[in-house]
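# Secondary and tertiary structure notes
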Amino acid sequence: MNRKTATTLTAIVVLLMGYMVYSSMARVNRQCEVCIEFNGVRRCTKGAGANDDEARRGAQTAACGVLASGMDETIRCQNVHPVSASCGNS
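Below: a short report on this structure. Each chain carries its own residue numbering, running from 1 in the written order of its sequence. Residue-level local features of this predicted model are given only where pLDDT is at least 70; pairs of side-chain atoms are given and counted only at 80 or more, and the full residue set underlies all totals for whole chains, interfaces and linings. Hydrogens and water molecules were not included; the side-chain quantities draw on all heavy atoms of the structure.

## Describing the packing of helix H2 (residues 52–67) against helix H3 (residues 71–78)
Angles run from 0 to 180 degrees between N-to-C directions of axes, and those axes are lines fitted to C-alpha atoms, restricted for helices to the stretch in contact. The numbering of helices and of strands both runs from the N terminus, where a helix is a DSSP run of H or I of at least 4 residues and a strand a run of E of at least 2. Direction vectors running N to C along H2 and H3 enclose 140°, while the axes themselves pass 9 Å from each other. On the basis of the axis angle, H2 is oblique to H3. Both H2 and H3 take part in a crossing whose hand is right-handed. In this structure, H2 contributes Gln60, Thr61, Cys64 and Leu67 to the contact, and H3 contributes Glu73, Cys77 and Gln78. Comment on the angle field: the value is read as roughly parallel under 35 degrees, roughly antiparallel over 145, roughly perpendicular from 65 to 115, and oblique elsewhere. Crossing handedness is defined as follows: a turn of the near helix away from the far one that is anticlockwise and smaller than a right angle gives a left-handed crossing, while the clockwise case is right-handed. Two residues qualify as a contact provided that any one of their heavy atoms is within 4.5 Å of a heavy atom in the partner residue.

## Focus on the pattern of salt bridges
In what follows, salt bridge is the name for a side-chain nitrogen of Lys or Arg lying within 4 Å of a carboxyl oxygen of Asp or Glu. Applying the stated criterion to the full structure yields three salt bridges. When the shortest N-O distance is used, the salt bridge between Asp52 and Arg30 registers 2.6 Å. With Asp52 in helix H2 and Arg30 in strand S1 (residues 30–38), this pair connects stretches of sequence that are 22 residues apart. Each residue gets one of three labels from its accessible area relative to the maximum for its type: buried under 20%, exposed over 50%, partly exposed in between, using a 1.4 Å probe on protein chains only. Given a relative accessible area of 23%, Asp52 falls into the partly exposed group. The salt bridge partner of Arg56 is Asp53, with a shortest N-O separation of 3.3 Å. Residue Arg56 and its partner Asp53 are located together in helix H2, separated by three residues, close to a single helical turn.

Dropping the structure here:
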């Protein structure tokens, strides 16, 4: 492979990666803080997403990652109704 081809391929890869990062960050319009109580412990975390549901789900997943141990508890924790949830623009 000659130098010009390698440079062109590198530029294409860099542009593609930049587009992927930009497009994934551009979707973050909402931010939510969710408080979960699971196994007698309360944890409040923040999440961000394109809409309130996505942001709440992300926050609850983060909280359950700390509160639950094992797959069974994680599933149960993610199905718990939050103690509180507040959302706003990011």
